[in-house]
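Coordinate analysis (summary)
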Amino acid sequence: MKMNIALLKGDGIGPEIINEAVKVLNAVGKKFGHTFEYTDLPIGGYAIDNYGLPLPDETVAGCKAADAVMLGAVGGPKWDAMPPEKRPEKGLLGIRKALSLYANLRPVKLFPPLAFASPIRADIRDKGIDLVIVRELTGGIYFGKKSESVSGGRAVALDECVYSEEEIDRLLKVGFELAGSRGKKICLVDKANVLKTSALWRKRFYEIGGNYPDIEKSVMLVDNAAMQLVRAPYAFDVIVTENMFGDILSDEAAVLTGSIGLIPSASLGEGGFGLYEPIHGSAPDIAGTGKANPVATILSAAMMTGTTFGLKAEAKAVENAVAAALTKYRTADVYTGAEKLVSTSEMGDAVAALLENN
Ligand code: NAD
C-alpha cells in the first residue's frame, strides 16, 4: 500500500514528536511492505511567523490532497499576546472545520506498566481500563445561535443546542462500527430526561442500533456517566455522545491513565478520512530538551494506520511495540527509576526496533 500523509508539525514539541511517529511509520512500512510518503505543511505559530497567518491555504489544500493528516501541536507563549483571530489555535479549529471532521475518537487505555501513574484506586484500575469516547465535533450547543440581550434591565445570554438526525446518525454509525471492531459494547451518554436533543439521540441510537444486533447497547445520563467513569471505568467499551458532553467526559477519561503524554486521538470525516494527533499541547516548557514523550503521537500514527488505512495488524503491531518499550524504557514524565531513562528520539528508536524485530 502507498499512502500520502500530510504532516502538520506545528510548534513547541510538535516537530520532535511527529519525527518519532514518522520513524515508527517507516518501520511499519519496512516490516509490512508499505510506502508512506510525507508532505510537511505549516500551521500554528510556525505558520504565523513564516506566512503571516495560522492556517495558510496551501496547508488546507495539502491536507485535502493527502490520504490522512498527522498533527503535532500548536501554540506557545511567543504568540499568546496576539489577537484571538490570529492565534495559533485558530489554525487548529480552522483545519478541523475545513476538513469537515465530525467525529472525535479518544481511546483511553491503561498500560499495565504505567498503572502507578493513574489516580484511580488499584482494585478498580487493575480490572483494566480500555475504552473509547466517540464525541460529535461539529454540532450542538458550541455551534448553535448565540445572543445577548437585556430584559428588565438585567443581561440575558442564550446558547442554542441544535442536532439534526443526519448529524446524529453519522456519528452513531462511527460508534457502532468501532464497537463492532472492539469489545462489542456501546453506551450512549445523554441527558434525555431534560433535553429534546438528547431524546432524539436516544431514538436514533435504538433505531440505528437495530442494524447491529450483536452489539450490547446501553444508555446513561451524563451526570451518572461522569461518576461511573471513575467508579467503574472497566465497564465501558465505546461511549458515544454529543459535543459538549464529550468535551467534558473525554478530559475526565484522559486523567484515568495519569499521563497526558500517552493519549492519542483521531478526528474523522467522510469516508474514513482523518486527522490524528496527541491530546496534549505543545509543551513549550520542555520543547528542545529531548524530554517530550512521543508515545501519544506514535499511538496516533497507529490509529491512523488501523482506522483510515484499514491496516489492523500493523496498528496492533505498533501498540504491542509501545507496550513492550514501556516495560524497559521511559521518558522523564513517566520515569520511576526502575527503567532506562531515554530521550524523545531514543523512545522512538526503541519502539521502531521492537516493531521491526518482533
Ligand atoms: P500542554 O499539554 O502543552 O502541557 C501541559 C504539561 O504537560 C506541561 O508541563 C508539559 O511539559 C507536559 N506535557 C505535555 N505533553 C507532554 C509530552 N508529550 N511529554 C511530556 N510532557 C508533556 O498544555 P499547556 O501547557 O496548557 O499548553 C501549552 C501550549 O499548547 C499553549 O499554547 C496551548 O494553547 C497549546 N495547546 C495546544 C493544543 C493542540 O495543539 N492540540 C492542545 C492544548 C494546548
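Above this text is the structure in question.
Residues numbered from 1 in each chain as written. Predicted model: local features only at pLDDT ≥ 70, side-chain atom pairs only at ≥ 80, totals over all residues. Heavy atoms only, no water.

With that out of the way, let us pick up the side chain of Glu167. One can find Glu167 in helix H6 (residues 165-181). Of the side chains with opposite charge, Arg170 lies nearest to the buried Glu167, which makes no salt bridge, at 5.1 Å. Engagement of the side chain of Glu167 in a polar contact is seen with the backbone nitrogen of Ser164, the distance being 2.9 Å. Not counting chain neighbours up to four residues away, the residues in contact with Glu167 comprise Thr138, Gly139 and Val162. (Helix = DSSP H or I, 4+ residues; strand = E, 2+ residues; numbered from the N terminus. Buried < 20%, exposed > 50% of the residue type's maximum accessible area, 1.4 Å probe, protein only. Lys, Arg positive; Asp, Glu negative; His and termini not counted. Salt bridge = Lys/Arg side-chain N within 4 Å of Asp/Glu carboxyl O. Polar contact = N/O pair within 3.5 Å; in protein donor to acceptor, adjacent residues only side chain to side chain. Contact = heavy atoms within 4.5 Å.)

The relation between two aromatic rings is expressed through the spacing of the ring centres and the mutual angle of the planes. All told, the structure shown has five aromatic pairs when counted by the stated rule. Geometrically, the ring pair formed by Phe36 and Phe309 is stacked, given 6.0 Å between the ring centres and 20° between the ring planes. Within this pair, whereas Phe36 is found in strand E2 (residues 35-40), its partner Phe309 is found in the loop between helix H10 (295-307) and helix H11 (312-328), the two being separated by 273 residues in sequence. On the numbers, 5.2 Å between centres and 85° between planes, the contact of Tyr163 with Trp201 is edge-to-face. Of this pair, Tyr163 sits in the loop between strand E7 (154-159) and H6 while Trp201 sits in helix H7 (residues 196-209), and the two are 38 residues apart along the sequence. Given the relative accessible area of 6%, Tyr163 is considered buried. Taken together, the aromatic side chains of Phe176, Phe205, Tyr206 and Tyr212 make up a single cluster linked through ring pairs. (Phe/Tyr/Trp six-rings, centres within 6.5 Å; stacked < 30°, edge-to-face > 60°.)

Most peptide bonds take the trans configuration, and most residues that are not glycine carry a negative phi. With phi around 50°, Ser100 is a residue other than glycine that occupies positive phi space. Its location among the elements puts Ser100 in the loop between helix H4 (88-98) and strand E4 (103-109). Judged by its relative accessible area of 46%, Ser100 is partly exposed. Its identity is not glycine, yet Ala283 carries a phi of approximately 40°, on the positive side. Here Ala283 shows up in the loop between strand E12 (274-278) and H10.

Read from one edge to the other, the open sheet built from ten strands follows the order E2-E1-E3-E12-E11-E4-E5-E10-E8-E9, with strand pairing classed as mixed. Each having just a single partner strand, E2 and strand E9 (216-221) make up the two edges of the open sheet. Taking the axes of each pair of neighbouring strands and ignoring which way they run, one obtains an average angle of 25° across the sheet. Two strands pair when backbone bridges link them, and strand E8 (residues 185-190) and strand E10 (residues 238-241) are joined in this way by four bridges, in the parallel orientation. When the bridges of E10 are listed, Val189 appears paired with Thr241. The strands that H6 touches are E4, strand E5 (130-136), E8, E9, E10 and strand E11 (264-268); relative to E5, the one it contacts most, it runs at about 165°. (Pairing = 2+ DSSP bridges. Axes fitted to C-alpha atoms, helices over the stretch in contact; angles between N-to-C directions.)

Before going further, it helps to examine the packing of H6 against H7. Between two packed helices, what matters for the description is the angle formed by their axes and the separation of those axes. For the pair H6 and H7, the least separation of the axes is 10 Å and the interaxial angle reads 50°. Between H6 and H7, the angle is such that the two are oblique. The two elements H6 and H7 meet at a crossing, and its hand is right-handed. The segment H6 lies against H7, with Glu165, Ile168, Asp169, Leu171, Leu172, Lys173 and Phe176 engaging Leu200, Trp201, Arg204, Phe205, Ile208 and Gly209. Partitioning the contact of H6 with H7 into residue classes produces eight nonpolar, one polar and four charged. (Parallel < 35°, antiparallel > 145°, perpendicular 65-115°, else oblique. Left-handed = near helix turned anticlockwise from the far one by under 90°. Nonpolar A, V, L, I, M, F, W, Y, C, P; charged D, E, K, R; others polar.)

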